[in-house]
Every structure is written in structure tokens, then in C-alpha cells.
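Observations on the three-dimensional arrangement
Below, each chain spelled out in residue letters.
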Amino acid sequence: MEVAVVSGLSGAGRSTAAKCLEDLGWFVVDNLPPELIATMVELGAQARGAITKVAVVMDVRSRAFTDDLASVIKDLDARGYKPRVLFLEATDAVLVRRFEAVRRGHPMQGDGRLADGITAERRLLAPLREEADLVLDTSALSVHDLRAKIEDAFGSEASTQTRVTVLSFGYKYGLPMDSDLVMDVRFLPNPFWIPELREHTGLDGEVRNYVLSQEGAEEFLDRYHQLLRLIGAGYKREGKRYLTLAVGCTGGKHRSVAISEELAHRLSKEDGMAVKVVHRDLGRE
């Protein structure tokens, strides 16, 4: 069981960190009272492998925040969980600007000024910051920069891969609603009009060889593969981890199936990509 505690100044990016950890496969609990953290971790440990990573996001809404949390961390460490503490902070000027942008008050502001709340929170959390395993100053970080740093610290190789679904379909059944990119391979001759190929599918060697041997097929695959490398790298920089690539022909039986299988085979050799193939309309005819 891996355990992480995420804390820091209000407005420094705790919510973004929580979403990033969820995308990395962590079970995230927000604003759990410190005295319940050990119970939460024990419940996760009893889940028989269903939960292997637990992250608890903490803020100053717990009155005995620093003392309680410090004792809980020591208790977890004594039980062998060895929690990692991530502390997020930013400069006062940046925090003021962020709060003014969303028109919200600071949780420790009370009847005072926004700057007073920030100062009080910074003072309260100072002991926790000193004990943190990783301190990130988000003042000059974009959302994507912050995600990248958290992925480096808490992500595994598998969790940071771009998950690509290559989806074959037939245009006569409609476009897939969840597609990010659509490839139209109807420019290739249709095996449907070859009597000996009509009853076969793009999964069969005869159809595959016919489709891939057509003029323009190999060049199309080469160029689209290069384009997907570029797009995949951009998606990774932007923190997008899922890509659905739809490949369509008339009925979703021959050309789109063969091209999808070949494209998925090529993409599966790329570093940082986990690829699967889905044939949406195969068997509908």
C-alpha cells in the first residue's frame, strides 16, 4: 500500500494535484479529518489488492490540523506505510491574484483582509512544510507543468502512458461519438466487390493483404503514423492521457478493420503508448 498526503496553501493547486493523482490510479480522499486517515488506509489495505495507492488531500479546515496530522503521519510510518507528504505553496501575490480571479474569500480570512488569511495559513502550516517530502512552488507553474511534476513524483511508467483506442467503424452506422480523430479509408478499393473476399473480414489474411497492397495504403499508414507521433507527444505535454482514433469505411467490415489492425500494430511499438483495438461494427452485416 502506497500512501500520500497532499497539503499546502489554499489556492496553491491542491485540487489539480488531486485530479492528477486520480488519473494516475490513486484512490483520492479530499478533506478527511486527520484522525480518520489511519482508518482509511487500513480499509484500503483490506481491499485485497483493489486499492494499492491512497492519497489524502488535507487543508486547514481541521482545527488541530498540524498536531493531529503530524501524529497520524508518525503512526502510519510506525505501521510500515511510510506516507509521502506533498506540500504545495505559492507567493502571496500569486495567491491573492488567484483568489480575486475566482472571487472567493480565504478560509482563514475571517473579518480581515485576504492577505491576513494567507499569512495566518502560512504560519499554521509552516511545521508541516518542514516535514514534507516534496515541496512544490506553483507560482510560475501552469496546470500542465504541475501535472508533469506530480506525474514524475507519483506516477508509474504504466500510469503515465497515453492510452490509445483504435476503433474501426462503418459510416453507414454513424460516426463514433467519442472519437478524437477520424480517419476515412474509403479511398481504398472495397473488398466487398471481390466475390471471394466479400464474406471475409479485415481480420482475415486475404482481405488484409488485399487492402494493404492497394496503391496509397502504405503511404497513408506511414504518414498517419508520423502524424500520430506528433499528436501523441502534444497530448502528453497537455496532460491528455486518452486518445480514441476512429477508422471508418462503408460498412466497418473490411478496409477499416484491416487498417486499424495494422495501425495499432505500429503504434504498439511506440514508447509511452498503450494500444487496444475495437471493431465496433464487425458482424453487424
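Residues numbered from 1 in each chain as written. Predicted model: local features only at pLDDT ≥ 70, side-chain atom pairs only at ≥ 80, totals over all residues. Heavy atoms only, no water.

Looking at an unreviewed UniProt entry, the protein chain carries the name RNase adapter RapZ, with the source organism given as Amycolatopsis rhabdoformis.

1. Regarding the side chain of lysine 53
Residue position: lysine 53 is located in strand S3 (residues 53-57). Within the buried core, lysine 53 has no salt-bridge partner, and the shortest N-O distance to an opposite charge, that of glutamate 2, equals 4.2 Å. Once residues within four sequence positions are removed from consideration, lysine 53 is found in contact with Met1, Glu2, Leu24, Gly25, Trp26, Phe27, Phe154 and Ser156. (Helix = DSSP H or I, 4+ residues; strand = E, 2+ residues; numbered from the N terminus. Buried < 20%, exposed > 50% of the residue type's maximum accessible area, 1.4 Å probe, protein only. Lys, Arg positive; Asp, Glu negative; His and termini not counted. Salt bridge = Lys/Arg side-chain N within 4 Å of Asp/Glu carboxyl O. Contact = heavy atoms within 4.5 Å.)

2. Looking at the pairing of strand S4 (residues 84-89)
S4 sits mainly inside the fold: 5 of its 6 residues count as buried. Of the strand pairs in this sheet, S4 and strand S5 (residues 134-137) are connected by 4 bridges, and their pairing is parallel. Looking at S5, one finds that leucine 88 is bridged to leucine 136. (Pairing = 2+ DSSP bridges.)

3. Focus: the layout of surface pockets
Approximately 650 Å³ is the volume found for the largest pocket. Lining the largest pocket are 24 residues, with Ser10, Gly11, Ala12, Gly13 and Ser15 positioned closest to its centre. Per-element accounting of the lining of the largest pocket gives the leading share, 4 residues, to helix H1 (residues 14-23). Of the residues belonging to the lining of the largest pocket, the class tally is 10 nonpolar, 8 polar and 6 charged. (1 Å grid on protein atoms, 1.4 Å probe; cavity = no way out; pocket = protein on both sides within 12 Å on 5 of 7 lines; lining within 4 Å. Points joined across faces, edges and corners; volume = space filled by probe spheres on them. Nonpolar A, V, L, I, M, F, W, Y, C, P; charged D, E, K, R; others polar.)

4. A word on the sheet that holds S4
Within a sheet, adjacent strands bond to each other through the backbone by hydrogen bonds, running parallel or antiparallel. Taken in spatial order, the 5 strands of this open sheet run S2-S3-S1-S4-S5, and their pairing is parallel. Each edge of the open sheet carries a strand with a single partner, namely strand S2 (27-30) and S5. Looking at each pair of strands side by side, their axes are set apart by 20° on average, direction ignored. The sheet contact formed by S2 and S3 spans 4 bridges and is parallel. For valine 28, the partnering residue across the bridge sits in S3 and is alanine 55. (Axes fitted to C-alpha atoms, helices over the stretch in contact; angles between N-to-C directions.)

5. Re the sheet that holds strand S8 (residues 242-249)
One open sheet accounts for 4 strands, arranged S7-S8-S6-S9; its pairing is parallel. Bordering the open sheet on either side are strand S7 (181-184) and strand S9 (273-279), each of which pairs with just one other strand. Between one strand and the next, the sheet's axes are offset by a mean angle of 20°, whatever the strand orientation. For strand S6 (residues 162-170) and S8, the ladder comprises 8 bridges, and the chain directions are parallel. In the sheet register, valine 164 faces S8, and the bridge partner there is leucine 243.

6. Examining the side chain of serine 168
By the secondary structure assignment, serine 168 is in strand S6. A distance of 2.8 Å separates a polar atom in the side chain of serine 168 from a polar atom in the side chain of histidine 279. Those residues in contact with serine 168 that sit more than four places away from it in its chain are Val247, Ser256, Val257, Ser260, Val278, His279, Arg280 and Asp281. (Polar contact = N/O pair within 3.5 Å; in protein donor to acceptor, adjacent residues only side chain to side chain.)

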